[in-house]
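Residue-level structural notes
Next come the chains, spelled out residue by residue.
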Amino acid sequence: MDSRFRTLGEFIIENQASFQYSSGELSKLINALRLAAKVVNHEVNKAGLVDIIGGAGDTNVQGEDQQKLDVLANEKFIHTLKNREIVCGIASEEEDDFISINSQDKNHQNKYVVLMDPLDGSSNIDVNVSVGSIFSVYRRVTPVGTPVTLEDFLQPGINQVAAGYVIYGTSTMLVYTTGHGVNGFTLNPAMGTFYLSHPNMTYPETGRIYSVNEGNYVHFPQGVKDYIKYCQMEEGDRPYTSRYIGSLVSDFHRNMIKGGIYMYPKSNLASNGKLRLLYECNPMAFLAEQANGKATDGYRRIMEIEPTELHQRIPFFCGSSKMVEKAESFMAKYA
Ligand code: AHG
Ligand code: MN
Ligand code: MN
């Protein structure tokens, strides 16, 4: 069968056998995430028509203004996962603390936890620019049958069993990995069905796009400044093109397809950058590596970093392997 005719539902069933500890639980969880993606997509697409754009009047635990759609997407993801009784715990960028889920008939028998950024790129909601959702799945480390603890969420990215994102763009796509490459599915909105439109997605080894918020340039470390100047220099295939949407999912998605580097460095304004290790960087790093790309904090592999807190931030450099290595070489001069 032409792969483009394969639905996400069929793909999940076909690939269940390749999971190491296949009991069907992870497949069911991916199915629940697929449903959540459709539910949030439905809400996002109504922005502008119903009263869901603008601020919710609250701030999250990280002191950021919550948008109505942040709150709505968070609720939809949590409800969808809770109702399916498929995870034992959830941590979200929009929640102060992790949520322990005790299914009525299962008494903490589920073995997976989900960490997520329900709505990424909030600043783009009001202006009809693409946003996304990010998820990351781990096997719990505490014993099944007991409530989850913080330990179950503070795992290094290398322990992820699945990760992915949904991009609500010109079309809606769900892109994910279970450690066997990256596959992208496009939603046919008339059918409500995701189809395998992008099998085996990979980063070109190098590219010509750099994505960074250059408004912060004067506050960046010298190594980053030097690398940006290198990107702009006229030599060989340079100058590179600058593209920055301001929603990690969208910037990542474009760079993976076209070849490029995404950077959110530390700065004098934010000593650890802005992006969250658990909800944004680890899932994107897992996807990047599965797609032949690279993700580091400028010095260390993102997925090997031992997290110390739920909402921890970390500098992030992610993209085509050759480009990330080049950026690292500039930063190494000032290490
Ligand atoms: P979120 O909307 O979940 O808070 O994440 C926004 C993040 C990320 O998606 C984006 O790349 C970055 O913040 C943009 O930050 P700046 O506006 O500082 O460039
Ligand atoms: Mn985000
Ligand atoms: Mn968010």
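Let's talk about the site of ligand 1
- In the vicinity of ligand 1, 17 residues are found, and the nearest of them are Asp 120, Asn 213, Tyr 244, Tyr 262 and Tyr 264.
- Within the backbone of Ser 122, an N or O atom sits 2.9 Å from an oxygen atom of ligand 1.
- Contacts to ligand 1 include Lys 274, whose side-chain N or O atom sits 2.9 Å from an oxygen atom.
- Out of a free accessible area of 470 Å², ligand 1 has 86% covered by protein chains.

A look at the sheet that holds strand E13 (residues 260-264)
- In spatial order, the strands read E12-E11-E13-E15-E14; together these five strands make up an open sheet with mixed pairing. The open sheet has two edge strands with one neighbour each: strand E12 (241-242) and strand E14 (293-296).
- Pairing between E13 and strand E15 (residues 316-320): four bridges, direction antiparallel. The partner of Ile 261 across the bridge, within E15, is Gly 319.
- The strands touched by helix H6 (residues 277-290) are E14 and E15; relative to E15, the strand with the most contacts, the crossing angle is about 20 degrees.
- Running at roughly 140 degrees to E15, helix H7 (residues 321-332) makes contact with strand E11 (209-211), E13, E14 and E15 of the sheet.

Side note on the packing of aromatic side chains
- Inspection of the entire model under this criterion finds eleven aromatic pairs.
- The interplanar angle of 25 degrees and the centroid separation of 4.9 Å between the aromatic rings of Phe 98 and Phe 153 together place this pair among those described as stacked. Separated by 55 residues along the polypeptide, Phe 98 in the loop between strand E3 (89-92) and strand E4 (99-100) and Phe 153 in the loop between strand E6 (131-139) and strand E7 (160-168) bring together distant segments of the chain.
- What makes Phe 98 partly exposed here is its relative accessible area of 21%.

Here we look at the coordination of the manganese ion (ligand 2)
- Those donors, Asp 117 (OD), Asp 120 (OD) and Glu 280 (OE), are the protein atoms that reach the manganese ion (ligand 2), and they lie 1.8 to 2.2 Å from it.
- Each donor residue of the manganese ion (ligand 2) belongs to the same chain, with the gaps between them written as D-x2-D-x159-E.
- Taken as an interatomic distance, the gap from the manganese ion (ligand 2) to the manganese ion (ligand 3) is 3.7 Å; Asp 117 donates to each of them. Of the two residues, Asp 120 is situated in strand E5 (residues 112-120) and Glu 280 in helix H6; the sequence distance between them amounts to 160 residues.

A look at the coordination of the manganese ion (ligand 3)
- For the manganese ion (ligand 3), every protein donor is listed as Glu 93 (OE), Asp 117 (OD) and Leu 119 (O), and the spread of their distances is 2.2 to 2.3 Å.
- Sequence spacing of the donors to the manganese ion (ligand 3): E-x23-D-x1-L.
- Since its relative accessible area comes to 4%, Glu 93 is described here as buried.

Things to note about the domain arrangement of the protein
- Domain assignment breaks the protein into domain 1 (3-198) and domain 2 (209-332).
- For domain 1 versus domain 2, the separation of C-alpha centres amounts to 23 Å.
- The contact between domain 1 and domain 2 buries some 2,900 Å² in all, and 65% of this surface belongs to carbon and sulfur atoms.
- Of all residues in domain 1, Ile 134, Leu 154 and Tyr 165 give up the largest surface area on contact with domain 2, accounting jointly for 20% of the area buried on that side.
- There are one salt bridge connecting domain 1 and domain 2.
- Between Glu 93 and Arg 276 there is a salt bridge, and its shortest N-O distance comes to 3.5 Å.
- Scanning the region where domain 1 abuts domain 2 turns up 13 residue pairs in polar contact (both at pLDDT 80 or more).
- Of all elements in the fold, only E3, E5, E6, E7 and strand E8 (172-177) reach the threshold of two or more residues within the side of domain 1 that touches domain 2.
- Per-class residue counts for the side of domain 1 that touches domain 2 are 25 nonpolar, 19 polar and seven charged.

Calculation rules
- Residues numbered from 1 in each chain as written.
- Chains lettered and ligands numbered in written order.
- Predicted model: local features only at pLDDT ≥ 70, side-chain atom pairs only at ≥ 80, totals over all residues.
- Heavy atoms only, no water.
- Near = heavy atom within 4 Å.
- Polar contact = N/O pair within 3.5 Å; in protein donor to acceptor, adjacent residues only side chain to side chain.
- Areas by Shrake-Rupley, 256 points an atom, 1.4 Å probe, with all protein chains shown as cover.
- Pairing = 2+ DSSP bridges.
- Helix = DSSP H or I, 4+ residues; strand = E, 2+ residues; numbered from the N terminus.
- Contact = heavy atoms within 4.5 Å.
- Axes fitted to C-alpha atoms, helices over the stretch in contact; angles between N-to-C directions.
- Phe/Tyr/Trp six-rings, centres within 6.5 Å; stacked < 30°, edge-to-face > 60°.
- Buried < 20%, exposed > 50% of the residue type's maximum accessible area, 1.4 Å probe, protein only.
- Donors = N, O, S within 2.8 Å, 3.2 Å for Na, K, Ca; no water.
- Domains from an automatic or database assignment.
- Buried area = accessible area lost by both parts, 1.4 Å probe.
- Salt bridge = Lys/Arg side-chain N within 4 Å of Asp/Glu carboxyl O.
- Nonpolar A, V, L, I, M, F, W, Y, C, P; charged D, E, K, R; others polar.

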